[in-house]
Amino acid sequence: MSMNKETSAPVIEAVSLRKSYGPLEVLKGLDLSLARGEVVALIGPSGSGKSTFIRCLNMMEIPSGGTILFRQKKVGDRFRDKDGDIGIGTLRRHVGMVFQHFNLFPHKTVLQNVTEGPIVVCKTPHREAEERAMDLLAKVGLAEKHAAYPSHLSGGQKQRVAIARALAMDPEVLLLDEVTSALDPELVGEVLTVIRQLADAGMTMAIVTHEMAFAAEVANRVLFLDQGVIAEAGSADEVILNPQNPRLQAFVSRFR
Ligand code: ADP
Ligand code: MG
(Lines give C-alpha, C1' and ligand atoms only; values in the text may rest on other atoms or scores of the structure.)
(Ligands and ions follow the chains in the order given, each with its own letter.)
Protein backbone atom coordinates (compact mmCIF):
# COMPACT_ATOMS: atom_id res chain seq x y z
CA MET A 1 0.00 0.00 0.00
CA SER A 2 1.33 3.43 -0.92
CA MET A 3 -0.19 5.24 2.05
CA ASN A 4 2.10 6.60 4.68
CA LYS A 5 0.77 5.27 7.97
CA GLU A 6 2.82 7.71 10.02
CA THR A 7 1.22 10.81 8.58
CA SER A 8 -2.29 9.73 7.55
CA ALA A 9 -4.91 10.99 9.98
CA PRO A 10 -6.73 8.40 12.07
CA VAL A 11 -10.24 7.49 10.95
CA ILE A 12 -11.37 6.12 14.29
CA GLU A 13 -9.79 6.24 17.72
CA ALA A 14 -10.50 5.01 21.20
CA VAL A 15 -8.93 6.94 24.05
CA SER A 16 -8.82 5.51 27.60
CA LEU A 17 -11.88 3.44 26.75
CA ARG A 18 -13.61 1.85 29.72
CA LYS A 19 -16.65 -0.38 29.98
CA SER A 20 -18.22 -2.00 33.01
CA TYR A 21 -21.29 -4.18 33.35
CA GLY A 22 -22.38 -3.48 36.92
CA PRO A 23 -19.42 -4.37 39.12
CA LEU A 24 -17.64 -6.21 36.26
CA GLU A 25 -14.97 -4.01 34.71
CA VAL A 26 -14.50 -5.45 31.22
CA LEU A 27 -12.42 -2.73 29.53
CA LYS A 28 -9.91 -1.01 31.78
CA GLY A 29 -8.69 1.89 29.67
CA LEU A 30 -7.85 0.95 26.08
CA ASP A 31 -6.31 3.09 23.37
CA LEU A 32 -6.51 2.41 19.67
CA SER A 33 -5.95 4.56 16.64
CA LEU A 34 -6.82 3.21 13.20
CA ALA A 35 -5.33 5.00 10.21
CA ARG A 36 -7.10 4.97 6.87
CA GLY A 37 -6.40 1.70 5.09
CA GLU A 38 -4.98 0.07 8.18
CA VAL A 39 -5.92 -3.45 9.28
CA VAL A 40 -5.67 -4.27 12.96
CA ALA A 41 -6.22 -7.76 14.32
CA LEU A 42 -7.49 -8.21 17.88
CA ILE A 43 -6.62 -11.48 19.48
CA GLY A 44 -7.07 -12.71 23.03
CA PRO A 45 -8.72 -15.31 25.24
CA SER A 46 -12.46 -15.73 25.44
CA GLY A 47 -13.92 -13.17 27.84
CA SER A 48 -11.01 -10.76 27.50
CA GLY A 49 -13.32 -8.04 26.13
CA LYS A 50 -12.71 -8.24 22.36
CA SER A 51 -16.39 -8.07 21.38
CA THR A 52 -17.13 -5.40 23.96
CA PHE A 53 -14.24 -3.37 22.60
CA ILE A 54 -15.30 -3.39 18.96
CA ARG A 55 -18.97 -2.91 19.90
CA CYS A 56 -17.90 0.22 21.78
CA LEU A 57 -16.07 1.43 18.67
CA ASN A 58 -19.40 1.88 16.86
CA MET A 59 -21.33 2.64 20.05
CA MET A 60 -23.42 -0.52 19.93
CA GLU A 61 -22.27 -0.58 23.54
CA ILE A 62 -22.04 2.76 25.28
CA PRO A 63 -18.64 3.08 26.97
CA SER A 64 -18.53 3.76 30.70
CA GLY A 65 -15.56 6.08 30.25
CA GLY A 66 -13.09 7.44 27.75
CA THR A 67 -13.72 8.77 24.28
CA ILE A 68 -14.35 7.55 20.75
CA LEU A 69 -13.19 9.88 18.00
CA PHE A 70 -14.35 9.56 14.41
CA ARG A 71 -12.53 11.61 11.75
CA GLN A 72 -10.82 13.24 14.74
CA LYS A 73 -14.07 14.52 16.21
CA LYS A 74 -15.46 13.35 19.53
CA VAL A 75 -18.47 11.05 19.33
CA GLY A 76 -21.12 12.44 21.65
CA ASP A 77 -23.82 10.60 23.56
CA ARG A 78 -26.65 11.75 21.28
CA PHE A 79 -27.89 10.06 18.14
CA ARG A 80 -27.57 13.22 16.07
CA ASP A 81 -24.50 15.39 15.43
CA LYS A 82 -24.56 18.29 17.86
CA ASP A 83 -22.27 21.12 18.99
CA GLY A 84 -19.34 19.85 16.90
CA ASP A 85 -19.70 16.29 18.23
CA ILE A 86 -20.34 13.37 15.91
CA GLY A 87 -23.67 11.68 16.65
CA ILE A 88 -24.00 7.97 17.30
CA GLY A 89 -26.20 7.68 14.18
CA THR A 90 -23.51 9.19 11.99
CA LEU A 91 -20.84 6.97 13.52
CA ARG A 92 -22.84 3.78 12.95
CA ARG A 93 -23.60 4.74 9.40
CA HIS A 94 -19.90 4.97 8.58
CA VAL A 95 -18.64 2.10 10.71
CA GLY A 96 -19.88 -1.27 9.48
CA MET A 97 -20.00 -4.41 11.56
CA VAL A 98 -20.08 -8.12 10.74
CA PHE A 99 -20.92 -10.64 13.45
CA GLN A 100 -20.08 -14.23 14.23
CA HIS A 101 -23.70 -15.32 13.73
CA PHE A 102 -24.39 -13.34 10.53
CA ASN A 103 -27.57 -11.66 11.86
CA LEU A 104 -29.18 -11.66 8.40
CA PHE A 105 -32.89 -10.84 8.12
CA PRO A 106 -34.36 -14.36 7.68
CA HIS A 107 -37.55 -13.21 5.95
CA LYS A 108 -35.69 -11.17 3.32
CA THR A 109 -33.87 -12.41 0.25
CA VAL A 110 -30.15 -12.06 -0.15
CA LEU A 111 -30.68 -9.00 -2.35
CA GLN A 112 -33.15 -7.44 0.11
CA ASN A 113 -30.70 -8.01 2.96
CA VAL A 114 -28.07 -6.04 1.07
CA THR A 115 -30.37 -3.20 -0.08
CA GLU A 116 -32.14 -2.71 3.27
CA GLY A 117 -29.58 -0.33 4.81
CA PRO A 118 -29.15 1.94 1.78
CA ILE A 119 -32.92 2.12 1.15
CA VAL A 120 -34.04 2.61 4.77
CA VAL A 121 -31.14 4.57 6.24
CA CYS A 122 -29.70 6.42 3.24
CA LYS A 123 -32.96 6.77 1.23
CA THR A 124 -31.17 5.43 -1.84
CA PRO A 125 -33.63 4.79 -4.71
CA HIS A 126 -34.53 1.07 -5.04
CA ARG A 127 -33.09 0.68 -8.51
CA GLU A 128 -29.76 2.22 -7.57
CA ALA A 129 -29.55 0.23 -4.32
CA GLU A 130 -30.24 -3.00 -6.23
CA GLU A 131 -27.63 -2.32 -8.89
CA ARG A 132 -25.02 -1.60 -6.26
CA ALA A 133 -26.07 -4.66 -4.24
CA MET A 134 -25.68 -6.87 -7.31
CA ASP A 135 -22.16 -5.50 -7.82
CA LEU A 136 -21.31 -6.26 -4.21
CA LEU A 137 -22.83 -9.74 -4.40
CA ALA A 138 -20.71 -10.38 -7.51
CA LYS A 139 -17.67 -9.23 -5.54
CA VAL A 140 -18.31 -11.80 -2.81
CA GLY A 141 -19.14 -14.46 -5.42
CA LEU A 142 -22.89 -14.68 -4.76
CA ALA A 143 -24.63 -12.85 -7.58
CA GLU A 144 -26.49 -16.02 -8.56
CA LYS A 145 -27.94 -16.30 -5.02
CA HIS A 146 -29.60 -12.88 -5.01
CA ALA A 147 -33.14 -14.30 -4.85
CA ALA A 148 -32.40 -16.97 -2.23
CA TYR A 149 -33.39 -16.76 1.42
CA PRO A 150 -30.68 -17.02 4.09
CA SER A 151 -31.95 -20.42 5.30
CA HIS A 152 -31.01 -21.86 1.91
CA LEU A 153 -27.39 -20.74 2.15
CA SER A 154 -24.32 -22.34 3.71
CA GLY A 155 -22.67 -20.57 6.64
CA GLY A 156 -19.89 -19.32 4.39
CA GLN A 157 -22.42 -17.93 1.92
CA LYS A 158 -24.42 -16.26 4.73
CA GLN A 159 -21.29 -14.61 6.03
CA ARG A 160 -20.37 -13.34 2.57
CA VAL A 161 -23.88 -11.85 2.28
CA ALA A 162 -23.37 -10.21 5.68
CA ILE A 163 -20.12 -8.70 4.42
CA ALA A 164 -21.83 -7.44 1.24
CA ARG A 165 -24.59 -5.97 3.40
CA ALA A 166 -22.05 -4.08 5.51
CA LEU A 167 -20.26 -2.85 2.37
CA ALA A 168 -23.54 -1.60 0.89
CA MET A 169 -23.41 1.26 3.40
CA ASP A 170 -20.03 2.24 1.97
CA PRO A 171 -18.39 2.17 5.41
CA GLU A 172 -15.15 3.96 6.19
CA VAL A 173 -14.31 1.33 8.78
CA LEU A 174 -15.36 -2.29 8.97
CA LEU A 175 -15.44 -4.16 12.28
CA LEU A 176 -15.38 -7.95 12.07
CA ASP A 177 -16.12 -9.99 15.18
CA GLU A 178 -15.01 -13.62 14.84
CA VAL A 179 -16.74 -13.88 11.49
CA THR A 180 -15.41 -17.37 10.79
CA SER A 181 -15.85 -18.87 14.27
CA ALA A 182 -19.30 -20.33 13.57
CA LEU A 183 -18.32 -21.85 10.23
CA ASP A 184 -17.46 -25.42 9.34
CA PRO A 185 -13.70 -25.56 8.71
CA GLU A 186 -14.10 -26.11 4.97
CA LEU A 187 -16.08 -22.85 4.67
CA VAL A 188 -13.62 -20.62 6.49
CA GLY A 189 -11.37 -20.08 3.48
CA GLU A 190 -14.02 -18.53 1.21
CA VAL A 191 -14.80 -15.88 3.84
CA LEU A 192 -11.14 -15.14 4.58
CA THR A 193 -10.57 -14.69 0.83
CA VAL A 194 -13.20 -11.94 0.75
CA ILE A 195 -11.66 -10.19 3.76
CA ARG A 196 -8.19 -10.46 2.22
CA GLN A 197 -9.53 -8.77 -0.94
CA LEU A 198 -10.99 -5.96 1.18
CA ALA A 199 -7.64 -5.49 2.91
CA ASP A 200 -5.85 -5.37 -0.45
CA ALA A 201 -8.39 -2.80 -1.67
CA GLY A 202 -7.49 -0.53 1.28
CA MET A 203 -10.50 -1.04 3.58
CA THR A 204 -9.82 0.11 7.14
CA MET A 205 -10.62 -2.82 9.42
CA ALA A 206 -10.49 -4.06 13.00
CA ILE A 207 -10.69 -7.84 12.93
CA VAL A 208 -11.32 -10.02 15.98
CA THR A 209 -10.12 -13.47 15.04
CA HIS A 210 -8.67 -16.73 16.28
CA GLU A 211 -7.22 -17.44 12.82
CA MET A 212 -3.61 -16.66 13.74
CA ALA A 213 -2.09 -17.35 10.32
CA PHE A 214 -4.69 -15.13 8.68
CA ALA A 215 -4.18 -12.34 11.24
CA ALA A 216 -0.42 -12.52 10.69
CA GLU A 217 -0.97 -12.29 6.94
CA VAL A 218 -3.45 -9.38 6.66
CA ALA A 219 -2.89 -7.26 9.75
CA ASN A 220 -0.59 -4.24 9.81
CA ARG A 221 -0.77 -4.44 13.60
CA VAL A 222 -1.87 -7.05 16.10
CA LEU A 223 -3.24 -6.30 19.57
CA PHE A 224 -3.43 -8.88 22.32
CA LEU A 225 -6.30 -8.20 24.69
CA ASP A 226 -5.97 -9.82 28.06
CA GLN A 227 -8.09 -9.16 31.15
CA GLY A 228 -9.48 -5.90 29.79
CA VAL A 229 -6.23 -4.25 28.72
CA ILE A 230 -4.11 -4.27 25.58
CA ALA A 231 -1.33 -6.43 26.97
CA GLU A 232 0.74 -6.45 23.77
CA ALA A 233 0.69 -4.52 20.51
CA GLY A 234 3.01 -4.71 17.56
CA SER A 235 3.59 -6.22 14.17
CA ALA A 236 2.33 -9.73 13.45
CA ASP A 237 5.97 -10.75 13.56
CA GLU A 238 6.35 -9.48 17.12
CA VAL A 239 2.97 -10.48 18.52
CA ILE A 240 2.07 -13.73 16.76
CA LEU A 241 5.26 -15.18 15.36
CA ASN A 242 7.74 -14.24 18.13
CA PRO A 243 5.72 -13.48 21.27
CA GLN A 244 7.71 -12.56 24.36
CA ASN A 245 4.99 -12.14 27.02
CA PRO A 246 4.41 -15.59 28.64
CA ARG A 247 0.59 -15.29 28.62
CA LEU A 248 0.69 -14.35 24.96
CA GLN A 249 3.07 -17.23 24.20
CA ALA A 250 0.68 -19.65 25.88
CA PHE A 251 -2.30 -18.18 24.02
CA VAL A 252 -0.71 -18.17 20.57
CA SER A 253 0.69 -21.69 20.94
CA ARG A 254 -2.86 -23.04 21.39
CA PHE A 255 -3.70 -21.95 17.82
CA ARG A 256 -0.58 -23.26 16.11
P1 ADP B 1 -14.66 -11.74 24.21
O2 ADP B 1 -15.32 -11.22 22.99
O3 ADP B 1 -13.20 -11.40 24.28
O4 ADP B 1 -14.89 -13.19 24.41
P5 ADP B 1 -16.64 -10.16 25.61
O6 ADP B 1 -16.38 -8.75 25.25
O7 ADP B 1 -17.76 -10.85 24.92
O8 ADP B 1 -15.28 -10.99 25.47
O9 ADP B 1 -16.93 -10.27 27.15
C10 ADP B 1 -16.04 -9.76 28.14
C11 ADP B 1 -16.67 -9.96 29.51
O12 ADP B 1 -17.82 -9.13 29.61
C13 ADP B 1 -17.13 -11.37 29.79
O14 ADP B 1 -16.87 -11.64 31.15
C15 ADP B 1 -18.61 -11.31 29.52
O16 ADP B 1 -19.31 -12.26 30.29
C17 ADP B 1 -18.96 -9.91 29.96
N18 ADP B 1 -20.11 -9.33 29.22
C19 ADP B 1 -20.17 -9.13 27.89
N20 ADP B 1 -21.34 -8.58 27.53
C21 ADP B 1 -22.05 -8.43 28.69
C22 ADP B 1 -23.35 -7.91 29.00
N23 ADP B 1 -24.16 -7.41 28.05
N24 ADP B 1 -23.72 -7.93 30.30
C25 ADP B 1 -22.90 -8.41 31.26
N26 ADP B 1 -21.68 -8.91 31.03
C27 ADP B 1 -21.25 -8.92 29.77
MG1 MG C 1 -16.37 -12.14 21.46
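Up top is the structure these notes are about.
Not measured: the values here are computed from a predicted model. (Residues numbered from 1 in each chain as written. Chains lettered and ligands numbered in written order. Predicted model: local features only at pLDDT ≥ 70, side-chain atom pairs only at ≥ 80, totals over all residues.)

Just to check I follow, could you spell out helix H5 (residues 155-168) for this structure?
Residue pairs three or four apart in sequence face the same way in an α-helix, which turns once every 3.6 residues. Over its 14 residues, H5 extends 20 Å from the first C-alpha to the last, a length consistent with the 20 Å expected when each residue adds 1.5 Å. In the segment just after H5, Asp-170 is the residue with positive phi, at about 55°. (Helix = DSSP H or I, 4+ residues; strand = E, 2+ residues; numbered from the N terminus. Expected span 1.5 Å × (residues − 1).)

What's the story with the nonpolar core in this structure? I'm lost.
Side chains of a nonpolar character, in soluble globular proteins, are inclined to be buried together. If you look at the biggest cluster of nonpolar residues, it comprises 77 residues, and the most contacted ones within it are Leu-42, Leu-57 and Ile-207. For this core, the leading source of residues is H5, giving 7 residues. If we skip the residues at most four places from it in the chain, Ile-207 touches Val-39, Ala-41, Leu-42, Leu-176, Ala-215 and Ala-219. (Core = buried A, V, L, I, M, F, W, Y, C linked by C-beta atoms within 7 Å. Buried ≥ 20, exposed ≤ 12 C-beta atoms within 10 Å, placed from the backbone. Contact = placed C-beta atoms within 7 Å.)

I keep staring at the packing of H5 against helix H6 (residues 185-200) and nothing clicks. Help me out?
To characterise two packed helices, one gives the angle between the axes of the helices and the distance between these axes. Running from N to C, H5 and H6 point in directions that differ by 15°, and their axes come no closer than 8 Å. Viewed along their axes, H5 and H6 adopt a mutual orientation that is roughly parallel. In the packing of H5 onto H6, the handedness of the crossing is right-handed. In this structure, H5 uses Gly-155, Gly-156, Gln-159, Arg-160 and Ile-163 to contact H6, whose residues at the interface are Leu-187, Glu-190, Val-191 and Val-194. Here the residues of the contact of H5 with H6 sort into 4 nonpolar, 3 polar and 2 charged. (Axes fitted to C-alpha atoms, helices over the stretch in contact; angles between N-to-C directions. Parallel < 35°, antiparallel > 145°, perpendicular 65-115°, else oblique. Left-handed = near helix turned anticlockwise from the far one by under 90°. Nonpolar A, V, L, I, M, F, W, Y, C, P; charged D, E, K, R; others polar.)

What is the right way to read the site of ligand 1 from this model?
As a matter of local geometry, ligand 1 sits amid Tyr-21, Leu-24, Val-26, Gly-44, Ser-46, Gly-47, Ser-48, Gly-49, Lys-50, Ser-51 and Thr-52. Sorting the residues of the shell around ligand 1 by element identifies strand E2 (24-35) and helix H1 (50-57) as the ones contributing at least two each. Residue contributions to the shell around ligand 1 peak at 3 residues, all from H1. (Near = placed C-beta within 6 Å.)

I'm lost on the packing of helix H3 (residues 110-120) against H5 in this one. Help?
Packing of H3 against H5 brings their axes to within 8 Å, and their N-to-C directions diverge by 25°. When the axis of H3 is compared with that of H5, the two are roughly parallel. Between H3 and H5 lies a crossing of right-handed hand. Between H3 and H5, the contacting residues are Val-110, Asn-113, Val-114, Thr-115, Gly-117 and Pro-118 on the first element and Val-161, Ala-164, Arg-165 and Ala-168 on the second. Residue classes in the contact of H3 with H5 are distributed as 6 nonpolar, 3 polar and 1 charged.

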